[in-house]
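Listed below are the residues making up each chain.
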Amino acid sequence: MSERNLTLLTDLYELTMMQGYFHAKDANETVIFDAFYRTNPDGNGFAITAGLEQVVEYIENLHFDKEDIDYLRTTGLFGEDFLEYLSTFKFTGDIYAIPEGTVVFPREPLVKVIAPIMQAQLVETAILNIINHQSLIATKTSRIVHAARGDGVMEFGLRRAQGPDAGIYGARAAMIAGCIGTSNVLCGQMFDVPVKGTHAHSWIMSFPDELTAFRTYARLYPTACILLVDTYDTLNSGIPHAIQVFKEMRAEGIPLTFYGIRMDSGDLAYLSKEAKKMLDAEGFTDAVISASNDLDETLITSLKNQGATINSWGVGTNLITSKDCPSFGGVYKLAAIMDKKTGKFIPKIKLSENEEKITNPGNKTTYRIYGKDSHKVIADIICLVGETFNEDEPLLLFDPIATWKKTLLAPGTYTMRELPVQVFKDGECVYHSPKVMDIQKYCKEELNTLWDETKRLVNPHEVHVDLSKPLWDMKHALLDKYHFE
Ligand SMILES: Nc1ncnc2c1ncn2[C@@H]1O[C@H](COP(=O)(O)OP(=O)(O)OP(=O)(O)O)[C@@H](O)[C@H]1O
Ligand SMILES: O=P(O)(O)OC[C@H]1O[C@H](OP(=O)(O)OP(=O)(O)O)[C@H](O)[C@@H]1O
Ligand SMILES: O=C(O)c1cccnc1
């Protein structure tokens, strides 16, 4: 997969603009673009950024093959001199990004591209496509995992994903955000993540009777024996038959290490409580009681509140498609253009009637501020590259819109961490993507830095993302300039 050439995975306008820059402008003009999003998906209090490894692969493989150029010629839009230029095209710029699995908030540059304008423009679409998709699924998964309150959540969505890529990379994002395994075997192979599963109704239906189906499965997979109990009658047939098989295994001295039932229909709260009683009565107190059937964070929360005894969750459709929030609104905006004479960046701003949509200009970075004792996030601050902070001095934070709202952090009460890292330098990758399970561990630590109030699923407490005074001043100088011009 890493060999895939995704160079033409772009919107046509990126290429027509590129050709325009090639002819009409200095094609080597260095610019800065920021990829960021404006609103957390699903009304969540944060997002989890994901997809950087695939962005790195995309940038590393960026080149126009002969077939790509031949195809572009057929559109009739591009001149031979431009097509000739494309034949030697490669990415030569710098990229900074917030590592995968990090908790992020609106307006923070997740990826910053500093490159000649033709290169920086071309990569817009693919970067957004990759980051938007995986960050969406990672954020959705973190909500589902949160609702499960420590129970394992398995990703079962491949059959319902919007095509193979959404299945593979969605499962990757789900693993980053805390699933304990995926049913997607290709994802397991590609990213070295645990693959897990039970069996389908067809297994039961293919045998003359349920008991024989269960016995056969138990003999084949005694150490991972989760039996699907709802094919015929959960309480009167499925669970009694499962118990009978577990008893037989016990009598034969087969260790019951990981065993239990899965329910895929009916009232999961009622059925799980009944199942627990029946299993406990026979001494199977540690049996797994797993459930699936169009689950999501709301249903899992409801089932928990109803006292369901489910301790393992299989979630497919609603997770892999992020069904109730199908897009992550990441955008890619020009933030600065380098003045060739001075080598300094000239900040650029996109105006809007909607204050939230006015972009933050300049060459920026983001710092996270933590309470020194609590180690929890206090706020984030977007500032200009080169600004320095001293944790032994007071730090004044102010709301960038309602500027009278201020917080003064006393010296020694807070710590700061810069979020983005350098990923490409002069076109060379200088970043090593961690393994997915290591990103999952890091993501868990990240979630631990949030107060519960920010993690709640409905009306979470908002973490403020402020601007430093120099950035705020720069932004407002530009706003004044455009207002008066
Ligand atoms: N106690 C419960 N409280 C809230 N929702 C539940 C409860 N039990 C099940 N559900 C959810 O209700 C939805 C419909 O469940 P239902 O029992 O109707 O499944 P079903 O679609 O009839 O089953 P089948 O797969 O056999 O068609 C599913 O999303 C399921 O997860
Ligand atoms: O419900 P989801 O969250 O999407 O989880 C995946 C579903 O896929 C399987 O069902 P199957 O495809 O056999 O269809 P079913 O819904 O009719 O059981 C499984 O039994 C789950 O119900
Ligand atoms: O292994 C399972 O139980 C499974 C896998 C995919 C979809 N539904 C269930």
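Residues numbered from 1 in each chain as written. Chains lettered and ligands numbered in written order. Predicted model: local features only at pLDDT ≥ 70, side-chain atom pairs only at ≥ 80, totals over all residues. Heavy atoms only, no water.

Q: Is there a simple way to explain the sheet that holds strand 15 (residues 377-384) in this structure?
A: Within a beta sheet, neighbouring strands are joined by backbone hydrogen bonds and run either parallel or antiparallel to one another. Here 4 strands make up an open sheet; going across it, the order is 18-14-15-21 and the pairing mixed. Each edge of the sheet is formed by a strand with only one pairing partner; in this case those strands are strand 18 (414-418) and strand 21 (465-467). For this sheet the average axis-to-axis angle between neighbouring strands, irrespective of direction, equals 30°. Two elements, strand 14 (residues 364-371) and strand 15, share 7 bridges in a ladder whose sense is antiparallel. Residue Thr 365 lies in a different strand from strand 15, and its bridge partner there is Cys 383. (Pairing = 2+ DSSP bridges. Helix = DSSP H or I, 4+ residues; strand = E, 2+ residues; numbered from the N terminus. Axes fitted to C-alpha atoms, helices over the stretch in contact; angles between N-to-C directions.)

Q: Just checking my understanding: could you explain the pairing of strand 3 (residues 94-97) for this structure?
A: Relative to strand 5 (residues 111-116), strand 3 is paired through 4 bridges, and the arrangement is antiparallel. Its bridge partner being in strand 5, Ala 97 is matched across the sheet by Val 111. In the sheet, strand 3 pairs with strand 19 (residues 421-425) via 3 bridges, with the strands oriented antiparallel. For Ala 97, the partnering residue across the bridge sits in strand 19 and is Val 421.

Q: What's the story with the packing of aromatic side chains in this structure? I'm lost.
A: For any pair of aromatic rings, geometry is given as the distance between the ring centres together with the angle between the planes. This model, assessed by the stated rule, comprises 18 aromatic pairs. An aromatic cluster is defined as three or more aromatic residues linked by ring pairs; in this entry it consists of Phe 22, Phe 64, Phe 78, Phe 82, Tyr 85 and Phe 89. The ring of Tyr 96 has Lys 112 sitting right over it, with the charged end atom 4.8 Å from the ring centre. Over the aromatic face of Phe 191 sits the side chain of Arg 172, whose NZ or CZ is 5.3 Å from the ring centroid. (Phe/Tyr/Trp six-rings, centres within 6.5 Å; stacked < 30°, edge-to-face > 60°. Lys NZ or Arg CZ within 6 Å of the ring centre and 35° of its normal.)

Q: Where do I start with the domain arrangement of the protein chain in this structure?
A: For interface size, the figure often reported is the accessible area lost on association. On domain assignment, one finds that the protein chain holds domain 1 (12-137 + 326-484) and domain 2 (138-320). Its C-alpha centre places domain 1 at a distance of 39 Å from the equivalent point of domain 2. Of the residues lining the interface, 28 residues belong to domain 1; the matching set on domain 2 comes to 28 residues. Both faces combined, the contact of domain 1 with domain 2 buries some 2,100 Å², and carbon together with sulfur accounts for 58% of it. The tally of links between domain 1 and domain 2 comes to 5 salt bridges. In this structure, the salt-bridge partner of Arg 172 is Glu 100, at a minimum N-O distance of 2.7 Å. Our count for the domain 1 to domain 2 interface comes out at 21 residue pairs in polar contact (both at pLDDT 80 or more). Grouping the amino acids of the side of domain 1 that touches domain 2 by side-chain chemistry returns 13 nonpolar, 9 polar and 6 charged. (Domains from an automatic or database assignment. Contact = heavy atoms within 4.5 Å. Buried area = accessible area lost by both parts, 1.4 Å probe. Salt bridge = Lys/Arg side-chain N within 4 Å of Asp/Glu carboxyl O. Polar contact = N/O pair within 3.5 Å; in protein donor to acceptor, adjacent residues only side chain to side chain. Nonpolar A, V, L, I, M, F, W, Y, C, P; charged D, E, K, R; others polar.)

Q: How should I be thinking about the sheet that holds strand 8 (residues 225-228) in this particular structure?
A: Judged by pairing direction, the sheet is parallel, and its 6 strands sit side by side in the order 7-6-11-10-9-8 without closing on themselves. Each having just a single partner strand, strand 7 (181-182) and strand 8 make up the two edges of the open sheet. Across 4 bridges, strand 8 lies against strand 9 (residues 259-263) in parallel orientation. From the neighbouring strand, Ile 226 faces strand 9, where its bridge partner is Gly 260.

Q: What is the right way to look at the site of ligand 3 in this model?
A: Close to ligand 3 lie Phe 156, Arg 159, Ser 183, Gly 197, Thr 198 and Arg 262, which account for all nearby residues. A distance of 2.4 Å is found between an oxygen atom of ligand 3 and a side-chain nitrogen or oxygen belonging to Thr 198. Arg 262 is positioned such that a nitrogen or oxygen atom in its side chain is 3.3 Å from an oxygen atom of ligand 3. Expressed as a share of its isolated accessible area of 260 Å², the protein-covered part of ligand 3 is 81%. Considered class by class, the residues forming the shell around ligand 3 number 1 nonpolar, 3 polar and 2 charged. (Near = heavy atom within 4 Å. Areas by Shrake-Rupley, 256 points an atom, 1.4 Å probe, with all protein chains shown as cover.)

Q: I would appreciate a short explanation of the packing of helix 6 (residues 124-147) against helix 13 (residues 297-305) in the present structure.
A: Angle between the axes and distance between the axes: these two values describe a pair of packed helices. It is the contact of helix 6 with helix 13, at a shortest axis distance of 8 Å, that shows an interaxial angle of 5°. In terms of orientation, helix 6 lies roughly parallel with respect to helix 13. Seen from helix 6, the contacting residues are Lys 140, Arg 143, Ile 144 and Ala 147; seen from helix 13, they are Glu 297, Ile 300, Thr 301 and Lys 304. Partitioned by chemical class, the residues of the contact of helix 6 with helix 13 number 3 nonpolar, 1 polar and 4 charged. (Parallel < 35°, antiparallel > 145°, perpendicular 65-115°, else oblique.)

Q: Can you help me understand the nonpolar core in this one?
A: Core analysis: the largest hydrophobic core is formed by 131 residues, its most contacted members being Val 113, Phe 246 and Ile 261. Tallying contributions element by element places helix 6 first for this core, with 10 residues. Counting the residues that make up this core, at least three belong to each of domain 1 (12-137 + 326-484) and domain 2 (138-320). In this structure Phe 246 touches Cys 225, Leu 227, Leu 256, Tyr 259, Gly 260, Ile 261, Leu 279 and Phe 284, once residues within four positions along its chain are discounted. Counting residues in each nonpolar core, the second largest holds 10 residues, with Ile 381, Leu 397, Leu 409 and Tyr 414 among its members. (Core = buried A, V, L, I, M, F, W, Y, C linked by side-chain atoms within 4.5 Å. Buried < 20%, exposed > 50% of the residue type's maximum accessible area, 1.4 Å probe, protein only.)

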